[in-house]
Structure formats: C-alpha cells, structure tokens
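Structure assessment
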Amino acid sequence: MDAFDWGAVPAALPFLLDGMQLSLLLLAVGMLGGTALGLLVALLRLFGPRIPAAIAAAYVDGLRAIPLVLVLFWFYFLVPLAIGRPVGALPSALIAFVIFEAAYYSEIIRAGIGSVRSGQWQAAQALGMTRGQTLRLVVLPQALRAMLPILVTQAVILFQDTSLVYVIGLRDFMTATSISAEEGGRLVEFYAFAALVYLIVCSAGTELAHALQRRRSA
Amino acid sequence: MNATVSVAVASSTEPVLAQAPLLRIDGVGKSYGTVQVLSGCTLDVQRGEVVVICGPSGSGKSTLIKCVNGLVPFNAGRILCDGVDVGLGRQVDLVRLRTRVGMVFQNFELYPHLSVLENLCLAPVHVLRRPRSEAAERAHQLLVRVGLPDKAGSLPGQLSGGQQQRVAIARALAMDPIALLFDEPTSALDPEMVGEVLDVMVELARDGMTMMVVTHEMGFARKVADRVVFMDAGRIVETGTADGFFSEPTTERARGFLSRILSH
C-alpha cells in the first residue's frame, strides 16, 4: 500500500471505459442539441417578435445564473412530474445538458451573427434575397467560422461538466474512476490517471480551438 | 369609334412607354429622429441614362440611392422604380425589384466564404431559380467581360481591391438587371486600381445600362454622365448636363464644392 501500484488501473479499464462512453454521449448530445436549440433561441432573440424575444432573453439570463448541478437535479425530479411517469436518470440528464448548454451556445451564436458586418446583409438583400436566405446562405456560414474556436472551448468546458451527473446517480468517467479508487484503496493512482485523461482530452480540444483561431486570422 | 381606337393605340405604343422614366424619385425625405438626412429630393431617371450624383460627404447621396432599392426606408415622398412603389411595396415586390436593380457597394461586400464563381451564382440560383449550370455559364461570361476570366476559383480575400470590385459588378450583372446603382464604387480603392473599375463602368454605360452613380470621379462623370446631380445637406441643389455642371455651375455651393475637389 505504500509504494504506487498502477496494476489496479488496467484491471479497471473496462469499467472506466463505460464511464467514458457516458461522458462522451453527454458531450455529443449536449453539443449538438445545445447548438440546435441555442441557434433557435439566438434567432428568436435577434429577429423574433417582441414577446418571444423577451422570453428567449429571460431563458438565457435565467439559466446562466443557475449552476448546472441544480439544473440536473431539477430535471431529474421535474421531468417525471411533467410527463407523469419516471424517465430514468439518463434521459433527464441529456435533457438538462441540452437545455443548459443551449443558453450558453445561444450567446455565442448571437455574438457570431453580430460579428458579420451589416454590408453583407445589404449586399445579399440588394440581390433580392429574403432575410431567411441571407441568414442561411450568407450570414450564418460566416458567423459559424467566427464562432468555431469559442464553440470548441465551450465543448471542453462541457466535457468537464459531464462529471456532475454523479449527483443523480449516473456513472460518468469521473464517477467510475472515483468508485474504482475507493474500492481498491488506490486513490492517488486512479485520480492521477483521471487527471491525465482529462488533461489529454481537454488539451487536444484547446489546441484545436487555437488552431482554428490561427487559421481564421491567417 | 375612331377616337376610341386611336386612344387605345396611343396608350399601348412603344414610344409612349419608353418615355416613362425607369425611376421616379418624387419629394423624398428621410429623418433619423430629429436629424433630417434627405428632404424634398426629386429626380427622374430615363432608361439608358447615366446619372452621377456628387456632393460633400454627409450630403445624403448614398442614403438616396439606397432608398431606391428599399435598403433604407424613407419617411416622405414616393419612389417609383420600374413600376414598383418602393416605399409602400410589399416585401414580395421589393424582392422582385431588387432582382432587377443591382447595386455595387463601396466596400465590395463580396461573400468572403464563397469562391468568385459562387459569389456570382448564389442569387441567380437561389433567387431567380436558374439551373446551376446556366448560372455558372453566365458567371464565366461575365468574368470575361470584367477582365477576370481566370479568377472563378479564387476567394475574394485573394484578390486586389480593384479585382474585388470588378467581381462585385459582375455579381450585380449576373441578375441581368435593368439598372445599376453604384455607391461610391472607387472610394475604398488604392488610387492605382480606380482606373480598372471605372473602365468596366464606362463600358457598361456605353452598352446602354441605366446607371445611378454616387462618385467623386469627375473624369468619369465628364466621360459618360448624361446628367450630374449635386447634393448638399440632404437636398438636390443642382441638376444639369455634365458639361454644363463643370463649366458653369449655377449655385454657389456647387461652385465651392467643385473648386475644392478639382483643386488637387
């Protein structure tokens, strides 16, 4: 027990891998669903009628004022109440991540759309394009390029946040690590391993964001 | 009986229609809050006419031509452009109007994420619903016309300012417009690139394109303008032939303006 014993880590790998799968699932659904819902919210806020725009703004400001843990708790208890039957921790976690991330993504997207200069709108509309066509064909493709580095950075944060699902009994990578560490009494080895994995994954993500940033300014 | 027939004939013959101005700007005014940027602007533009609009900066020249295709809403007066009432036009009419009246901007405003060819094809394909192959073929013809046949695959950022502006002119021409509006097309260019853009515009004028051009290029105005309009403080102060305007401007303000821009 005195010396480091790394042997327990390989033995626990299949268990940890299951946890990693859940983390990656939450990341993928949170990113894709969050971006889609975030786009809708951003468009409502920018171009919607007054009342829906105000609701969208309240949604964004409200959710960004609440910690993710609380959102996870709420959906775990609220979704079954709303639909009248238990849904299980995973679906409620996925919904919570999409709804939470959408608040952040919508602000990134809104800033991205705002970064496209107004002459581009005028040029497209002067050629007879409708506002929808201008947005889809001219503004959003440019906005997306401008946002890409920040979207990747947000994904890195999201990946780290997936560890919070332990509060509703789900076993993500971090939770799996923690369980394995307690079982074998090898806390240092397992937590060092987990830190290494997070470091590699998140550094790769950050490096990708930097690379995208450089390509943009090149 | 005879009278009825002759009236019917008179109202449908070519000469009568050809005389109706393509563009009628009638008493147009615009204000941002308490700031009056345009007041009482009245101007007719005939088919095939080239009208140059000049005046000091802030005089409302750009605002006026952006009113013509409805990019800038105005609060007073009326604009009839090819039969469309721009101010009261429904969105559908505005879209239809804009497909027929092209615009070239000071800062080119090419779509930076698309190749030159895609820049030229985007609106013909998505707005006019032309088949891609047809739009691409037309785009290649237009690139030849503006002297850039080998730039179809380039991105706008890889071109010089003069080349970008020539692509922007080709992009406007790709819609087969009946008129073109130019908003200071050479103001953002380095001096050595002004000529190549003006050459393309002179060609267009000689081919009979109806053009409204906001510019300070007086050489261009002398060469091709049928009329010169001088604006100051949101008003059309003077309208005349190019020769008349340059040799004998009638208003003090126009004389002052000309002496300032021609003295260096």
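Refer to the structure printed above.
First, a word on what this report is: a plain description of the structure on this page. Within each chain, residue numbers correspond to sequence positions counted from 1 in written order. To read the labels, note that chains go from A and ligands from 1, taken in the order they are written. In keeping with the predicted nature of the model, local features appear solely for residues at pLDDT of at least 70, side-chain atom pairs appear and are counted solely at 80 or more, and the whole-chain, interface and lining totals rest on all residues. Hydrogens and water molecules were not included; the side-chain quantities draw on all heavy atoms of the structure.

**Describing the sheet that holds strand S5 (residues 84–85) of chain B**
Remark on secondary structure: sheet strands pair via backbone hydrogen bonds, oriented parallel or antiparallel. All names here are of chain B. Selection criterion: Pairing between two strands requires that DSSP report at least two bridges joining them. Secondary structure elements are taken from DSSP: a helix is a run of H or I of four residues or more, a strand is a run of E of two residues or more, and numbering for both begins at the N terminus.
Taken in spatial order, the 4 strands make up an open sheet running S2-S1-S4-S5, and their pairing is antiparallel. Of all the strands in the sheet, the pair left with one neighbour each is strand S2 (35–45) and S5. With 7 bridges connecting them, strand S1 (residues 23–32) and S2 associate as antiparallel partners. Its bridge partner lying in S2, Arg24 is registered against Asp44.

**Some thoughts on the layout of surface pockets**
Note the threshold: Cavities and pockets are found on a 1 Å grid laid over the protein atoms alone: a cavity is a set of points where a 1.4 Å probe fits but cannot escape, a pocket is an open set with protein on both sides within 12 Å along at least five of seven lines, and a lining residue has an atom within 4 Å of such a point. Grid points are joined across faces, edges and corners, and a volume is the space filled by probe spheres set on the points. Only Asp, Glu, Lys and Arg are considered charged in this grouping, and only Ala, Val, Leu, Ile, Met, Phe, Trp, Tyr, Cys and Pro are considered nonpolar; every other residue, Gly among them, is considered polar.
What the largest pocket holds in volume is close to 690 Å³. Surrounding the largest pocket, 23 residues form its lining, Gln142, Arg145 and Arg216 of chain A together with Pro112 and His113 of chain B being those nearest its centre. Residue contributions to the lining of the largest pocket peak at 5 residues, all from helix H6 (residues 131–161) of chain A. In terms of residue class, the lining of the largest pocket is made up of 11 nonpolar, 7 polar and 5 charged. Roughly 180 Å³ of internal volume is contained in the second largest pocket. In terms of lining, the second largest pocket is formed by Met20, Leu24, Leu27, Met31, Val152, Ala155, Val156, Phe159, Val201, Cys202, Gly205 and Leu208 of chain A. Within the residue set of the lining of the second largest pocket, elements represented by two or more residues are helix H1 (8–47), H6 and helix H8 (187–217) of chain A. For the lining of the second largest pocket, a count of residues per class yields 11 nonpolar, 1 polar and no charged.

**Considering the sheet that holds strand S9 (residues 227–232) of chain B**
All names here are of chain B. For clarity, the cut-off: For helices, the axis comes from a line fit to the C-alpha atoms of the stretch in contact; other axes are also lines fit to C-alpha atoms, and the angle between any two N-to-C directions lies between 0 and 180 degrees. Should any heavy atoms of two residues lie within 4.5 Å, those residues are considered in contact.
Sheet architecture is open: 6 strands sit in the order S6-S7-S8-S3-S9-S10, paired in mixed fashion. Two strands bound the open sheet, and with one partner strand each, they are strand S6 (101–104) and strand S10 (235–240). The mean angle between the axes of side-by-side strands here comes to 20 degrees, regardless of whether they run parallel or antiparallel. The strands touched by helix H11 (residues 252–262) are strand S3 (50–54), S9 and S10; relative to S9, the strand with the most contacts, the crossing angle is about 100 degrees.

**Overview of the pattern of salt bridges**
The condition is simple: Whenever a carboxyl oxygen of Asp or Glu lies within 4 Å of a side-chain nitrogen of Lys or Arg, that contact is scored as a salt bridge. The rule is simple: take the accessible area with a 1.4 Å probe, protein chains only, and divide by the maximum for that residue type; under 20% is buried, over 50% is exposed, in between is partly exposed.
In total, this model carries 20 salt bridges over all chains according to the counting rule given. Between Arg186 of chain A and Glu189 of chain A there is a salt bridge; the shortest N-O distance is 3.1 Å. Just as Arg186 of chain A is buried, Glu189 of chain A falls in that class too. Between Asp176 of chain B and Arg138 of chain B there is a salt bridge, with its nearest N and O atoms 2.7 Å apart.

What is shown is where atoms sit, not what they do.
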